[in-house]
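Observations on the three-dimensional arrangement
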Amino acid sequence: MAQHYKLRTSWGQFALLAFVIWLMFFIPFLGHMATGKGVEQAFYSLKYVTPLYFLWIGTFCLNYFWLVPRYFLRKKYMVFWLLQILFYWMLNMGAGQLAFYLYEISDNAAIFGRHEAPKEFFVLYHLINLLLIILITVAAISLRTTQLNKLLQDEKAQIEKERTEGELERLKGQLNPHFLFNTLNNISSLAAFDPDATQTAIARLSDMLRYVLYETSDARVPLQKDLDFIQNYIDLMNIRYEDTLHLDVDLKTSHPEYQIPPMLFISLLENAFKYGASSLHECRLQAKLEEQIDKDGRLEGLTFTVRNTQLTDEEMRNKEKGGVGLQNLEKRLCLLYPDQHQLTCEETGDGYYVAKLELKTI
């Protein structure tokens, strides 16, 4: 896959390389100054390290800017190493010619004070120099490989972000029709026996739809706005079940501006009304929001709990099974609050069903 990615070299990288090259000359210059030489003598002494720097810097630049991105990262290893040998020979020849020009010599004896240098010295010199060249090449490969890995990670993160955002939009789009469908079903049932209450319900539904259509387009909304929406939903449903339903609702918050994903709690209430509210016998529904506050008054977590009585077996048989509410909620929580939420739904054994959503604030 690497051949599909083009590594770009920024001006910052050029500037860093120029700074390192400058240091390579500046440090020996300071060393010569420290030995008591004058500025002119110190500059003059730099000529003895220039050929080696030509070889080392040339090797690094060739690898970093051309050979590694073009051949090594594209897995053309044979061409890469053949070019390494070719350019090492060419750079070594260039460094040698530069040395003869700078040192103004024509033989080895002039370098070593008219004493012939032993052959073992040249063997050791070339072995050490070759080792340094290999280390420089490996450094260039490591830097470019690190950049490629960073590029791949950034692209993977961007793809994952787009996938997550797309999935959230799909789930949100699925949730809104689901909510509307359930609410219209309840208003339809209400219209059969209480036309006046139906008018009130439609007006309240209009306010709720305004929130759904215009507010929930944002990724997050103030907590108080979502709680107001929930309260409107409870009031709307209570119109239908006011003769049989006993409500206990506590949705107060001390952090009204805290941002949460819209319509995150409504699925728990929809489920409670669908399988717990009855117009045939007395039923109960409790909804409570609890906040976890640290010692400095900051919000650490939210717990939303819905507790409701259950319908009779006969009423449950007449209820349509399935739906997307809780499944939708679980998927959204996994995307929005990975490892920072806990959703539990269970029967308590005393005729009640409890759904609890715990969130850590992020």
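Report follows, based on the coordinates. The numbering scheme is per chain: residues are counted from 1 as the chain's sequence reads. Totals for whole chains, interfaces and linings use every residue, but because this is a predicted model, local features are given only for residues with pLDDT of at least 70 and side-chain atom pairs only at 80 or more, for both listing and counting. Side-chain numbers here rest on the full set of heavy atoms in the structure, without hydrogens or water.

Moving on, we get to a nonpolar patch on the surface. Within this analysis, patches are made of residues with over 30% relative accessible area and no salt bridge. Like charges are joined at 9 Å or less; nonpolar side chains (Val, Leu, Ile, Met, Phe, Trp, Tyr) at 5 Å or less. Here the Shrake-Rupley method, with its probe set to 1.4 Å, supplies the accessible areas, and only the displayed protein chains count as covering residues. One side-chain nitrogen of Lys or Arg within 4 Å of one carboxyl oxygen of Asp or Glu is enough to make a salt bridge. Residues Leu-86, Trp-89, Met-90 and Met-93 make up a contiguous nonpolar surface patch of roughly 430 Å² in combined accessible area. For Trp-89, the location among the structural elements is in helix H4 (residues 77-103). Overall, Trp-89 belongs to the exposed group, its relative accessible area being 54%. Secondary structure is summarised from DSSP: a helix means a run of H or I of at least four residues, a strand means a run of E of at least two, and numbering begins at the N terminus for each. Note on classification: 1.4 Å probe, protein chains only; a residue is buried when its accessible area is under 20% of the maximum for its type, exposed when over 50%, partly exposed between these limits.

What follows deals with the pairing of strand E7 (residues 352-360). Looking at chain direction, strand E5 (residues 299-309) and E7 are connected through nine bridges and run antiparallel. Looking at the pairing, Thr-305 lines up with Lys-356 of E7. Pairing geometry for strand E6 (residues 341-347) and E7, over seven bridges, is antiparallel. In the sheet register, Gln-342 faces E7, and the bridge partner there is Glu-358. At least two bridges found by DSSP between two strands are what make those strands a pair.

Core analysis: the biggest nonpolar cluster contains 47 residues, and Ile-230, Leu-269, Phe-273 and Phe-304 have the highest contact counts within it. Of all the secondary structure elements, the ones that give two or more residues to this core are helix H7 (195-215), helix H8 (223-241), helix H9 (266-276), strand E4 (283-293), E5, helix H11 (325-336) and E7. Contact criterion: two residues are considered in contact whenever any of their non-hydrogen atoms come within 4.5 Å of each other. Excluding residues within four positions of it along the chain, Ile-230 makes contact with Leu-251, Phe-265, Leu-269 and Phe-304. Take the buried Ala, Val, Leu, Ile, Met, Phe, Trp, Tyr and Cys residues and link them wherever side-chain atoms come within 4.5 Å; each set so joined is a nonpolar core. By size, the runner-up hydrophobic cluster in this structure holds 21 residues, among which are Val-68, Phe-87, Leu-91 and Ile-133.

In this section: the packing of H7 against H8. Every axis in this analysis is a line fitted to C-alpha atoms, fitted for helices over the stretch in contact. Angles between the N-to-C directions lie between 0 and 180 degrees. Taken N-terminus to C-terminus, the directions of H7 and H8 make an angle of 155 degrees; their axes are 10 Å apart at the nearest point. Looking at the two axes, H7 sits roughly antiparallel to H8. Considering the relative orientation of H7 and H8, their crossing is left-handed. Across from Ala-197, Thr-200, Ala-201, Arg-204, Met-208, Tyr-211, Val-212 and Glu-215 in H7, the residues of H8 making contact are Lys-225, Asp-226, Phe-229, Asn-232, Tyr-233, Asp-235, Leu-236 and Ile-239. Here the residues of the contact of H7 with H8 sort into nine nonpolar, two polar and five charged. Angles below 35 degrees are treated as roughly parallel, those above 145 as roughly antiparallel, those between 65 and 115 as roughly perpendicular, and all remaining angles as oblique. Two helices that cross are described as forming a left-handed crossing if the nearer one is turned anticlockwise from the farther one by less than a right angle, and a right-handed crossing if clockwise. The classification used treats Ala, Val, Leu, Ile, Met, Phe, Trp, Tyr, Cys and Pro as nonpolar, Asp, Glu, Lys and Arg as charged, and all other residues, Gly among them, as polar.

Multiplying 1.5 Å by the helix residue count minus one yields the expected span of that helix. Here H7 is 21 residues long and its end C-alpha atoms lie 30 Å apart, about the 30 Å a rise of 1.5 Å per residue gives. Of all the positions in H7, only Ala-197, Thr-198, Ala-201, Leu-205, Met-208, Tyr-211 and Val-212 are classed as buried. Take H7 and look down its axis: the buried residues cluster within an arc of 130 degrees, on one side only. Turned more than 90 degrees off the buried face of H7, the exposed positions are Asp-196, Gln-199, Leu-213 and Tyr-214. By arc we mean the arc of the directions from the helix axis to the C-beta atoms, nothing more.

Turning our eyes to something else, we now look at helix H3 (residues 50-72). The periodicity of an α-helix, 3.6 residues per turn, causes residues three or four places apart in sequence to face the same way. Taking 1.5 Å per residue as the helical rise, H3 with its 23 residues ought to reach 33 Å, whereas the 29 Å between its terminal C-alpha atoms falls clearly short. Where H3 bends most, the angle comes to about 50 degrees, and this point is Asn-63. Bend at a given residue is defined as the angle between two axes, one fitted to the seven residues that end at that position and one fitted to the seven that begin there.

With that settled, the discussion passes to the packing of aromatic side chains. A ring pair, where both rings are aromatic, is described by two values, the distance of the centres and the angle of the planes. Note on aromatic pairs: the rings of Phe, Tyr and Trp (six-membered ring only in Trp) are paired at centre separations within 6.5 Å, and the planes decide the class, stacked below 30 degrees, edge-to-face beyond 60, tilted for the rest. One pass over the structure, following the stated rule, counts nine aromatic pairs. For the ring pair Phe-60 and Tyr-64, a centre distance of 5.4 Å and an interplane angle of 15 degrees mean the geometry is stacked. Separated by four residues within a single helix, Phe-60 and Tyr-64 lie in helix H3, roughly one turn from each other. Residue classification places Phe-60 among the buried positions, given a relative accessible area of 17%. On the basis of relative accessible area, Tyr-64 is assigned to the buried category, the value being 6%. Centre to centre, the rings of Tyr-64 and Phe-65 are 5.0 Å apart; their planes meet at 90 degrees, and the pair counts as edge-to-face. We classify Phe-65 as partly exposed; its relative accessible area is 28%. Put simply, the rings of Phe-72, Tyr-77, Phe-80 and Trp-81 touch in pairs and so form one group of aromatic residues.

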